[in-house]
Amino acid sequence: MKKITLKIFVALTVLMLLWACGNSPKNPVAEASLPPIYPDYADVTVPVGIAPLNFEVTGADRVDVTVTGEDGGQLHVNGRLADFPVDKWRKLLEANKGKSLTVTVNARSDGKWHAYKDFKINVSPYELDAWGLTYRRIAPGYEKWGRMGLYQRQLSDFTESPILENSSFENGCLNCHSSWRTNPDRFVFHIRGTHGATLVQTEKGREWLNTKTDQTLGTCVYPYWHPSGRFVAFSTNTTRQVFHAINSERIEVFDYESDLQIYDVETHELLLSPLVKTPDWMESYPVFSPDGKTIYFCTSRQYDNIKENYKNIKYNICSISFDAESGQFGDHVDTLFNAVRMGKSAVHPRPSYDGRYLMFTICDYGCFPIWHNESEQWLMDLATGESRPIDEANSPKADSYHNWSLDSHWFVFTSRRENGLFSLLYLASVDDEGHVSKPFLLPQKDPRRYYSNLMFSYNTPDFSIHKVNLNRRASSREILSDERVKLTVKPGWDTASKDD
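Rules used in this analysis
Every chain is numbered independently, its residues counted from 1 as its sequence is written. Local features are withheld for residues below a pLDDT of 70 in this predicted model, meaning they are given only at 70 or higher, and side-chain atom pairs are given and counted only at 80 or more; totals for whole chains, interfaces and linings count all residues. Think of the side-chain values as coming from all heavy atoms in the structure, minus any hydrogens and water. Helix and strand assignments come from DSSP, with helices taken as H or I runs of at least 4 residues and strands as E runs of at least 2, each series counted from the N terminus. Here the globule rule is a power law, 2.2 Å times the number of residues to the power 0.38, and the radius of gyration is based on C-alpha atoms. Burial status follows relative accessibility: with a 1.4 Å probe on protein chains alone, a residue under 20% of its type maximum counts as buried, one over 50% as exposed, and anything between as partly exposed. For this analysis, residues touch if any pair of their heavy atoms sits within 4.5 Å. Residue-level accessible areas treat just the shown protein chains as cover; the underlying method is Shrake-Rupley with a 1.4 Å probe. Working convention for charge: Lys and Arg count positive, Asp and Glu count negative, and His plus the chain ends are omitted. Lys charges are placed at NZ, Arg charges at CZ, Asp charges at CG and Glu charges at CD. Polar contact criterion, stated in full: a pair of N or O atoms within 3.5 Å, where within protein one must be able to donate a hydrogen and the other to accept it, and residues adjacent in sequence count only if both atoms are side-chain atoms. Here a pair means two rings of Phe, Tyr or Trp (six-membered ring of Trp) with centres within 6.5 Å. Their orientation is stacked below 30 degrees between planes, edge-to-face above 60, and tilted elsewhere. Two limits define a charge over a ring: the Lys NZ or Arg CZ must be within 6 Å of the ring centre, and within 35 degrees of the ring normal. Here the arc refers to the set of directions running from the helix axis out to each C-beta atom. If DSSP finds at least two bridges between two strands, the strands pair. The term salt bridge refers to a side-chain nitrogen of Lys or Arg lying within 4 Å of a carboxyl oxygen of Asp or Glu. Here, axes are lines fitted to C-alpha atoms. For helices the fit covers the stretch in contact, and angles between N-to-C directions go from 0 to 180 degrees. Take the buried residues of types Ala, Val, Leu, Ile, Met, Phe, Trp, Tyr and Cys, join any two whose side-chain atoms come within 4.5 Å, and each joined set is a nonpolar core.

Quick word on the overall build of the protein
Turning to step 1, where the next piece is worked out: A count of helical and extended segments in the protein gives six helices and 36 strands.
Turning to step 2, where the next piece is worked out: By the compact-globule yardstick of 23 Å for 500 residues, the protein fits well, its C-alpha radius of gyration being 26 Å.
Turning to step 3, where the next piece is worked out: C-alpha atoms of the protein, sized along the principal axes, occupy 95 × 50 × 45 Å.
Turning to step 4, where the next piece is worked out: Residues counted as buried form 54% of the 500 residues belonging to the protein.
Turning to step 5, where the next piece is worked out: Within the protein, counting contacts between residues at least 6 apart in sequence, those at least 24 apart form 58% of the total.
Turning to step 6, where the next piece is worked out: Total accessible area computed for the protein in this model is approximately 22,000 Å², and 50% of it derives from carbon and sulfur atoms.
Turning to step 7, where the next piece is worked out: For the protein, the distance from the average position of its 55 positive side-chain charges to the average position of its 63 negative side-chain charges is 10 Å.

Okay, structure coming up:
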């Protein structure tokens, strides 16, 4: 019996050695090109603490990859794809902060091994002060919404969890969400549909608001927190969508009318101003400056027959001052970026938290650039007023909705560059001189399999300094109960602002 067992052991050992030899590079053919990897992580810049940049080589059935740190450390993996251990990857990045990693790739295809040119992954000196990301995932539908949800993803690994899914409250629409300076202790989002409401969650608990009033157009959308945490800027929009009759364009989403308003969390009042609640202009996408003294927004002239004039709807980036102590808007509106003069439309302004930059999206017309292939990101230096397209990060497909990390060295945005159909998440950094790094696709454990099977688009991404704590079961019950806090409008807004 012992002799039989020994023979089996020897045979298995030989088979394992033969298997290992067959799956390791042997006499590889030297290639003069970079490896055709997916995702394209060559020469990207990543923060310490990011999940492993796993990848595969297109057309290869096996890869052998070695990653060597400029300041020391090495990783070696061999398999169907480059699947790096999370702990070892993290240690390698920590040891090479501000330096680079050299990636050596051998790949087997058609029974032959190929040795490709090395490429670099740069490890940024700038920390990414974020636990993770929050975002909505939604099917790229049209007239009706189906399954969707708000989700959160830990950036140091691949862990994702739902914040809230619409299947728990009769498939209503979950709208844009916002955290207070990336801190989800104060969190807001809107629900459309039969059980419509706006959630405002603070350290004191949850409140479900009915934000419709007799003096405003409708419910509050597109939220952004004041740095004090007391106010939330919203717009209220009458939105419609139509189909195009040509193949190159699928759908157009546009506003018939829109205004700005600010919600006071402490008094349950809406603060209004006739300067941003005008009958001939449409104001949208308001955000506060980092010091809380300015509101940035976009505005367009309103047209009577929008379906015929939709290509004439073009927005400029404007601003108005705000006094948090009195709750009063300023007495005039300034134009910061005149896109109309360029024959373009500028939307989605987002200031960096250090107050240095304003990032926004440029498209040919309208306020919904996610459907526009020509959409691209621009960066304004708020000290000089100079603006430029972010050529380092833009692509031929729609690049749109973006948000900053709290340290203002990183931003996340959506892009359809992968296939023109689905919006995926990309991250990039901005150095002290304003140079933007090559964006990298949000890492996944098995990226090709994950993104090929994903039938949803990401949108409204934001950084989060810790996990969002929302009781999903209790929230679903509260949504279905239809118990809402009714808002009022602060008196005197229509006279006080005019007199200032």
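Digging into helix α5 (residues 472-481)
Turning to step 1, where the next piece is worked out: Taken together, the buried positions of α5 are occupied by A474, S475, S476 and I479.
Turning to step 2, where the next piece is worked out: Residues of α5 that are buried make contact with β12 (160-165), β14 (183-192) and β16 (205-210).
Turning to step 3, where the next piece is worked out: Backbone nitrogen of R473 and a side-chain oxygen of the N-cap are separated by 3.3 Å at the start of α5; the cap is N471.
Turning to step 4, where the next piece is worked out: Remark: D482 follows α5 within two positions and exhibits a positive phi of approximately 65°.

A look at the environment of D280
Turning to step 1, where the next piece is worked out: Relative to the helices and strands, D280 resides in the loop between β20 (269-271) and β21 (281-288).
Turning to step 2, where the next piece is worked out: Here D280 falls in the partly exposed class, since its relative accessible area comes to 48%.
Turning to step 3, where the next piece is worked out: Sequence spacing of D280 and S258 is 22 residues, and the spatial spacing of their C-alpha atoms is 10.0 Å.
Turning to step 4, where the next piece is worked out: Those residues within four positions of D280 in sequence are excluded, and the remaining contacts are S300, R301 and Q302.

Some words on the packing of aromatic side chains
Turning to step 1, where the next piece is worked out: What the rule picks out here adds up to 18 aromatic pairs.
Turning to step 2, where the next piece is worked out: Among the aromatic residues, ring-to-ring pairing joins Y357, W404, F411, F413 and Y426 into one connected group.
Turning to step 3, where the next piece is worked out: Over the ring of Y151 we find R137; its NZ or CZ atom is 4.3 Å from the centre of that ring.
Turning to step 4, where the next piece is worked out: If you follow R137 out to its NZ or CZ, it ends over the ring of Y458, 5.9 Å from the centre.

Observations concerning helix α2 (residues 86-95)
Turning to step 1, where the next piece is worked out: Among all positions in α2, only W89, L92 and L93 are buried. Projection of α2 onto a plane perpendicular to its axis shows the buried side chains occupying an angular sector of 95°, all on one side. Turned more than 90 degrees away from the buried face of α2, the exposed residues are D87, K88 and K91.
Turning to step 2, where the next piece is worked out: Looking at the packing, one finds that the buried side of α2 touches β3 (45-46), β5 (62-69), β6 (74-79), β7 (100-109) and β9 (119-123).

Here we look at the pairing of β9
Turning to step 1, where the next piece is worked out: With burial as the criterion, only one face of β9 is covered, namely that bearing F119, I121 and V123; the residues K120 and N122 on the opposite face remain uncovered.
Turning to step 2, where the next piece is worked out: With two bridges connecting them, β3 and β9 associate as parallel partners. Its bridge partner being in β9, V46 is matched across the sheet by V123.
Turning to step 3, where the next piece is worked out: Two strands pair when backbone bridges link them, and β7 and β9 are joined in this way by four bridges, in the antiparallel orientation. The residue bridging T102 from the neighbouring strand is K120, located in β9.

Comments concerning the pattern of salt bridges
Side chains that differ in charge, positive against negative, can pair when their charged atoms come close.
Turning to step 1, where the next piece is worked out: Applying the stated criterion across every chain yields a total of 18 salt bridges.
Turning to step 2, where the next piece is worked out: The partner of D446 in a salt bridge is R80, with the nearest N and O atoms 2.4 Å apart. Placement of the pair is D446 in the loop between β33 (440-441) and α4 (447-453) and R80 in the loop between β6 and α2, with a sequence separation of 366 residues.
Turning to step 3, where the next piece is worked out: Judged by its relative accessible area of 13%, D446 is buried.
Turning to step 4, where the next piece is worked out: The exposure class of R80 is partly exposed, given its relative accessible area of 35%.
Turning to step 5, where the next piece is worked out: One continuous salt-bridge network, built from bridges that share partners, spans E56, R80, D446, R448 and R449.

Observations concerning the sheet that holds β33
Turning to step 1, where the next piece is worked out: Taken in spatial order, the four strands make up an open sheet running β30-β31-β32-β33, and their pairing is antiparallel. On the outer flanks of this sheet lie β30 (399-404) and β33, each paired with one strand and no other.
Turning to step 2, where the next piece is worked out: Relative to strand β31 (residues 410-415), β30 is paired through four bridges, and the arrangement is antiparallel. Within β31, the residue paired with H402 across the bridge is F413.

A few points about the sheet that holds strand β11 (residues 148-154)
Turning to step 1, where the next piece is worked out: Taken together, four strands build an open sheet; the order of strands is β12-β11-β10-β34 and the sheet is antiparallel. Each end of this open sheet is capped by a strand with a single partner; those strands are β12 and β34 (457-464). Shown here is a sheet whose adjacent strand axes are inclined to one another by a mean of 25°, direction ignored.
Turning to step 2, where the next piece is worked out: As judged from the six bridges shared by strand β10 (residues 132-138) and β34, these two strands associate in the antiparallel manner. Paired with R137 across the two strands is Y458, which belongs to β34.

Concerning the pairing of β16
Turning to step 1, where the next piece is worked out: Where strand β15 (residues 197-202) and β16 come together, five bridges link them in antiparallel fashion. Bridge pairing links T198 to L209 in β16.
Turning to step 2, where the next piece is worked out: Here β15 folds back onto β16, and the loop between the two strands holds two residues.
Turning to step 3, where the next piece is worked out: As defined by bridge partners, β16 adjoins strand β35 (residues 485-486) across two bridges and the pair is classed as parallel. When the bridges of β35 are listed, L209 appears paired with V485.

Focus on unusual backbone geometry
Turning to step 1, where the next piece is worked out: Cis geometry is adopted by the peptide bond preceding P39, which originates at Y38 and carries an omega value of -5°.
Turning to step 2, where the next piece is worked out: Positive phi values are uncommon outside glycine, yet H348 reaches one of about 55°.
Turning to step 3, where the next piece is worked out: Along the chain, H348 turns up in strand β26 (residues 345-351).
Turning to step 4, where the next piece is worked out: For H348, a relative accessible area of 7% corresponds to the buried category.

Remarks on the nonpolar core
Turning to step 1, where the next piece is worked out: Counting 99 residues, the largest nonpolar core has F55 and V65 as its most contacted members.
Turning to step 2, where the next piece is worked out: Sequence-distant contacts of F55, defined by excluding residues within four places in its chain, comprise I37, Y38, P39, Y41, V65, L81, A82, F84, V103, V105, F119 and P447.
Turning to step 3, where the next piece is worked out: Counting residues in each nonpolar core, the second largest holds 17 residues, with I163, F187, F189 and V468 among its members.

Interpretation in functional terms is not warranted from these geometric data alone.
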